[in-house]
Amino acid sequence: MILETLYDALYEEYNQTREGIHVSDITLCPREACFRRLDPKPLTNTDLNFFTSGKAIHEALQSLIKKYPDRFEIEKEVKFGDIVGHIDLFDKQNHIPIEAKSARVKTMSEPKAHYLKQLEAYMALTGADIGIILVQCLLNYEENPFVEFEHKMTAEQRKAVLSQLQQDAIILKVGIMEQDPSIVRHINYDLTLNWKCRYCPYAKPCEEMRIEANATNFNDSVAKTA
């Protein structure tokens, strides 16, 4: 009974109408975001698990940071055209976006690819040279469970990220309006991100779209060489 209530609440949280295109929609898998807008699916134990563990570290750290309102801004909203994002913490004195994450590991030597992609998006949107990822290692019960990664970007790198965000946002909007996720970028061929495909409720139709696209590309190539 309680789990059903939690699923219902999480479903409403996931599928509530949000203004614009959110950063998380285009830094993970834009095609999944398109599918989710067009055909919302029931949520799973995995969804609930990811949500609650991630929410826990955010709220804990933000409650502590409230003691320093002159230095830190919590859930800083950033906008660029139709793109909207909310940074976990923003160091106003040093102009540094900070993302807080949790991971089921004992330690971590480098940040995960999707952590970096989200942070780089926020660095591009704020024009920040430096960003920080703070990770809580949930399986570390003895030593310091927190790991901090500092990430730097040049102006050219931020420009390239911003261009990709704009392109993905435009195509995602078109995919939603045309009700056609096949035109939206997917992550299946990205070896640093395609682990997410294992948990995706839209994996089957996405695979069918990729097969059709590959067949079309192959036929086009054959026709050009004929």
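Residues numbered from 1 in each chain as written. Predicted model: local features only at pLDDT ≥ 70, side-chain atom pairs only at ≥ 80, totals over all residues. Heavy atoms only, no water.

Quick word on the packing of helix H3 (residues 30–38) against helix H6 (residues 155–178)
Put simply, H3 and H6 touch, their axes get as near as 10 Å, and they point 30° apart. Classed by the angle they form, the pair H3 and H6 counts as roughly parallel. As H3 packs across H6, the resulting crossing turns out to be right-handed. Facing Pro30, Ala33, Cys34, Arg37 and Leu38 of H3, the residues of H6 in contact are Asp168, Leu172, Gly175 and Ile176. (Axes fitted to C-alpha atoms, helices over the stretch in contact; angles between N-to-C directions. Helix = DSSP H or I, 4+ residues; strand = E, 2+ residues; numbered from the N terminus. Parallel < 35°, antiparallel > 145°, perpendicular 65-115°, else oblique. Left-handed = near helix turned anticlockwise from the far one by under 90°. Contact = heavy atoms within 4.5 Å.)

Here we look at the nonpolar core
Generally speaking, a soluble globular protein has its nonpolar side chains buried in company with each other. Ranked by internal contacts, the top residues of the largest apolar core, which has 31 residues, are Ile26, Ile83, Met108, Leu125, Val135, Leu165 and Leu172. At 7 residues, the largest contribution of residues to this core is made by helix H5 (residues 113–126). Other than its neighbours up to four places away in sequence, leucine 172 contacts Ile21, Asp25, Ile26, Pro30, Ala33, Cys34 and Val184. Judged by nonpolar contacts, the second largest core, of 6 residues, contains Ile65, Phe72, Leu89 and Ile98. (Core = buried A, V, L, I, M, F, W, Y, C linked by side-chain atoms within 4.5 Å. Buried < 20%, exposed > 50% of the residue type's maximum accessible area, 1.4 Å probe, protein only.)

Looking at the side chain of histidine 186
Its location among the elements puts histidine 186 in the loop between H6 and helix H7 (203–225). Overall, the relative accessible area of 19% leaves histidine 186 in the buried class. Reaching out from histidine 186, the side chain makes a polar contact with the backbone nitrogen of asparagine 188 at a distance of 3.1 Å. Apart from residues lying up to four places away in sequence, histidine 186 is in contact with Cys29, Arg31, Cys206 and Arg210. (Polar contact = N/O pair within 3.5 Å; in protein donor to acceptor, adjacent residues only side chain to side chain.)

Observations concerning the environment of threonine 107
Residue position: threonine 107 is located in the loop between strand S4 (96–103) and H5. In sequence terms threonine 107 and asparagine 140 are 33 residues apart; their C-alpha atoms lie 6.8 Å from each other.

Any link to function would need more than the numbers given here.
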